Amino acid sequence: MKENWILINKKESFLKLSNSLKENPLVLRLLANRGLEDINLAKRFLYGTVKDMYDGYLMKDMKEGVSIIKNAIMNNKKIIIYGDYDCDGVNSTTILYKALKKAGANYSYYIPNREEEGYGMHSGRIRKLKEEGYDVILTCDNGISALEQVEIAKELNMEVVITDHHDIPKRENEDGELVESIPKADAVINPKRSDCNYPFKMLCGAGIALKFSKCLFDELNIEEEAVLDLFQFAAIATVCDVVDLVDENRIIVKKGLELLNNTKNPGILELKKATALFDKKLEEYHLGFVIGPCINATGRLETADLSVELLITEDEKRAKALANQLSELNTIRQDLTKESTERVLKRLETELKKDEKVIVVYDMNIHESIAGIVAGRIKEKYNLPCIVLTKAKEMPKGSARSIEGYNITAELSKCKELIEKFGGHPMAAGLSLKEENIDVLRKKLNENCHLTDEDVVPIVKIDLPLSLNYLDEGLIKVVEELRPFGKGNPSPLFAVKDLRVERIWLLGKEKNFLKLRFSFYSNERKLYIDGVTFDKLEDFRESFINIYGEDKYLEATETSFLNVKADVIYYPSINEFKGNRTVQMNIKNIRLKGI
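Rules and cut-offs
- Per chain, the residues get numbers from 1 upward, laid out in the order the sequence is written.
- At least 70 in pLDDT is required for a residue's local features to be given in this predicted model, at least 80 for side-chain atom pairs to be given and counted, and no such filter applies to totals for whole chains, interfaces and linings, which use all residues.
- The side-chain quantities take in all heavy atoms of the structure and omit both hydrogens and water.
- UniProt positions are given in the numbering used here, feature names are shortened, and annotations may be inferred rather than shown by experiment.
- The domain boundaries here were taken from an automatic or database domain assignment.
- For the purposes of this entry, the term helix denotes a DSSP run of H or I that reaches at least four residues, the term strand denotes a run of E that reaches at least two, and both are numbered from the N terminus.
- Axes here refer to lines fitted to C-alpha atoms; in helices the fit is confined to the stretch in contact. Angles between the N-to-C directions go from 0 to 180 degrees.
- The cut-offs work like this: below 35 degrees is roughly parallel, past 145 is roughly antiparallel, 65 to 115 is roughly perpendicular, and the gaps in between are oblique.
- By convention, the crossing between two helices is left-handed when the near helix turns anticlockwise from the far helix through less than a right angle, and right-handed when the turn is clockwise.
- Contacts are residue-level and defined by heavy atoms, with any inter-residue pair within 4.5 Å sufficient.
- By the convention used here, strands pair only if DSSP detects at least 2 bridges between them.
- Buriedness of a pocket was judged along seven lines, with at least five required to meet protein on both sides within 12 Å; pockets are open sets of points on a 1 Å grid over the protein atoms alone, cavities are sets where a 1.4 Å probe fits but cannot get out, and lining residues have an atom within 4 Å of a point.
- Grid points are joined across faces, edges and corners, and a volume is the space filled by probe spheres set on the points.
- Residue exposure (1.4 Å probe, protein chains only): buried if accessible area is under 20% of the type maximum, exposed if over 50%, otherwise partly exposed.
- In the analysis that follows, any N or O atom pair within 3.5 Å is treated as a polar contact, provided that within protein one partner can donate a hydrogen and the other can accept it, and provided that, for residues neighboring in sequence, both atoms belong to side chains.

As recorded by an unreviewed UniProt entry, the protein chain carries the name Single-stranded-DNA-specific exonuclease RecJ and is attributed to Clostridium tertium. Per UniProt, the protein chain has the following entry under Sequence similarities (unreviewed entry): "Belongs to the RecJ family."

In structure tokens form, the structure reads like this:
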């Protein structure tokens with residue numbers, strides 16, 4: 001796929017930071033490239049600790065919410081934690097469960113079934129919870145759009161405290177202006193409220209549950225150590241909910257990883273064993289691509305209660321059984337995703353029209369819970385907005401994933417007469433519509449689409465050109481200080497031109513990983529460095545065949561020898577194998593040079 005490679009140039013920001021901070025110039029350059037030109041924000045990024053987190057009481061309604069829960073505890077009222085089935089919802093529920101347990105509350109939790117009730121509070125469930133004797137509802141990772149459900153709860157004389165992080169729904173007032181539409185709960189804690197003065201707006205649901213727990217513990221004079229233990233769950237959710245890893249989120253994940261690597265939680269220990277991570281140092285990658293998907297798999301294929309139970313159980317045997325079950329479910333989910341993605345890609349080879357900029361696919365055999373994952377894979381392949389729909393109980397239902405510059409939720413709102421239900425944000429959405437409207441929706445979205453051919457060319461941002469002569473463990477250690485990497489703080493990308501490629505290996509059980517050996521000169525000495533990539537083999541193969549022909553490609557892969565030049569974008573790391581440590585390149589992008 002064609003890409004635009006762009007070198008980031010924030011010279012003024014770099015100079016500003018250089019005049020105020022005595023740090024390695026490379027670190028300052030990378031901070032400037034990430035938009036951290038404010039000195040205080042840069043200091044907070046580099047040196048921030050748990051002690052630097054903001055006062056939770058700055059959140060609108062925090063005082064009221066904590067007071068309601070404290071009163072419920074003191075008067076032995078029954079509290080129900082109303083959670084969600086994704087990784088953020090599971091960890092939010094776990095945090096509040098552990099907090100209420102520590103506080104001596106009379107409580108339980110409830111997580112809706114994805115297929116039976118769907119996301120958020122359900123009117124019938126509210127009535128059932130009242131029948132079961134619950135007096136107080138404490139939500140996490142949901143509730144901000146539950147206007148009708150909160151109204152029902154209030155009619156039933158229940159108290160409702162909402163903790164949520166999702167965007168505030170808006171509606172038109174009498175003057176045709178869009179205004180926030182907030183449920184009439186007893187407390188609505190969401191930093192995205194326009195009337196909330198909390199300085200940081202990008203916490204996930206578990207981050208807000210953590211802040212709530214801290215304020216509750218302060219109110220009940222519970223020791224500081226109790227809230228620190230909760231950071232490990234907030235860290236998992238923060239990485240997996242793909243919020244920006246800056247400010248408080250960065251502090252949460254750094255502290256959480258420290259705790260996770262020394263955890264005594266039976267469930268996490270057993271999950272590390274089940275996923276072959278027990279003897280490894282956990283990094284943000286492991287949370288996002290191993291631990292998190294296992295937690296998510298239960299909500300997709302079974303019930304998210306299994307994941308909550310794993311994180312709250314003290315029984316080691318039960319933890320082991322649950323961890324193995326989660327790992328097995330995730331393997332099933334991976335197989336389903338692979339099979340569904342391959343099937344959809346095969347269809348698109350013949351069905352996707354050349355002028356279509358928005359992909360809409362209906363596949364009745366895709367499991368409802370993985371439609372979003374498949375849409376994401378298709379979007380990555382084509383770099384086009386993608387909607388994947390599948391058969392559901394009442395009508396087709398699915399998920400949308402978008403690209404920069406195309407607000408998928410705003411575009412769906414222009415077609416709302418064709419859709420029964422939808423919601424989301426600029427980069428992702430969920431929707432339900434009648435089957436007869438699918439083709440009409442596809443047509444209208446593409447007719448309305450403003451994307452040009454240039455808009456859909458992926459942009460790769462390079463931090464700086466960096467010759468391989470500079471690569472050593474010292475430089476890598478400097479770069480690693482900027483971890484955890486993720487949204488808002490991506491892995492630094494360096495570039496080198498005209499690099500000689502001398503060896504090639506196809507690795508993995510399915511020979512789908514690429515390893516290359518590059519040569520370069522340092523002080524007139526010829527040196528070698530290996531580079532690996534797990535997702536660029538197909539692009540490399542197509543490019544090689546286009547330039548040199550298929551026979552040359554087959555010869556190179558069979559003998560492992562070749563002699564070509566390439567421009568490479570990479571991230572340096574240390575490869576440890578059988579006690580040996582070597583510097584290697586993680587290849588992010590590669591361009592072969594023509595003959």
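Still to come is the rest of the account.
Caption draft 1: The arrangement of the domain arrangement of the protein chain in detail. With domains assigned, the protein chain is organised as domain 1 (9-44), domain 2 (56-246), domain 3 (263-336), domain 4 (352-448) and domain 5 (459-592). For domain 1 and domain 4, the distance between their C-alpha centroids amounts to 40 Å.

Caption draft 2: Structural view of the UniProt feature "domain: DHHA1" (unreviewed entry) in the protein chain. Feature annotation in UniProt assigns "domain: DHHA1" (unreviewed entry) to the following positions: residues 356-449. Secondary structure over residues 356-449 splits into 31% helix and 26% strand, and the C-alpha atoms at its two ends are 9 Å apart.

Caption draft 3: Quick look at the packing of helix H1 (residues 11-18) against helix H2 (residues 25-33). It is the contact of H1 with H2, at a shortest axis distance of 8 Å, that shows an interaxial angle of 130°. Between H1 and H2, the crossing angle belongs to the class labelled oblique. Where H1 crosses over H2, the handedness of that crossing is right-handed. Side by side, H1 and H2 meet where Ser13, Phe14, Leu17 and Ser18 of the first sit next to Pro25, Leu28, Arg29, Leu31 and Ala32 of the second.

Caption draft 4: Region of the structure containing the sheet that holds strand E3 (residues 106-110). Pairing is parallel in the open sheet, where five strands are placed in the order E3-E2-E4-E5-E8. Lying at the two open borders of the sheet, with one neighbouring strand each, are E3 and strand E8 (187-189). Each adjacent strand pair in this sheet contributes to an overall mean axis angle of 15°, direction not counted. Relative to E8, strand E5 (residues 159-163) runs parallel, the two being bridged by three bridges. Looking at E8, one finds that Thr163 is bridged to Ile189. Of the strands in this sheet, strand E2 (78-82), E3 and strand E4 (136-139) touch helix H6 (residues 123-131), which is tilted by about 155° from E2. Packed onto the sheet, helix H7 (residues 147-155) meets E4 and E5 and runs at close to 150° relative to E5.

Caption draft 5: Up close: the layout of surface pockets. Taken as a whole, the second largest pocket spans an internal volume of roughly 420 Å³. Lining the second largest pocket are 21 residues, with Lys98, Ala226, Asp229, Gln232 and Glu314 sitting closest to its centre. Counting residues per element, the ones that place at least two in the lining of the second largest pocket are helix H5 (87-102), helix H9 (224-228) and helix H10 (231-240). Counting residues per element, the lining of the second largest pocket draws most heavily on H5, which supplies five residues.

Caption draft 6: Quick look at the side chain of Ser213. Structurally, Ser213 is set in helix H8 (residues 205-219). The class of Ser213 is buried, set by a relative accessible area of 0%. A polar side-chain atom of Ser213 sits 2.8 Å from the main-chain carbonyl oxygen of Ala209. When residues no more than four places from it in sequence are discounted, the contact partners of Ser213 are Ile95, Leu96, Ala99, Val227 and Leu230.

Caption draft 7: Looking closely at the sheet that holds strand E13 (residues 428-432). The mixed open sheet is built from five strands, whose spatial order is E9-E10-E11-E13-E12. Strand pairing shows two members of the sheet lacking a second neighbour, strand E9 (359-362) and strand E12 (421-425), which therefore form its edges. Averaged over all adjacent pairs, the angle separating strand axes in this sheet is 15°, with direction ignored. Pairing analysis gives five bridges linking strand E11 (residues 397-401) to E13, with the strands arranged antiparallel. In the strand pairing of E13, Lys397 is matched with Ser432. Of the strands in this sheet, E9, strand E10 (386-390) and E11 are in contact with helix H16 (residues 371-382), which crosses E11 at around 35°.

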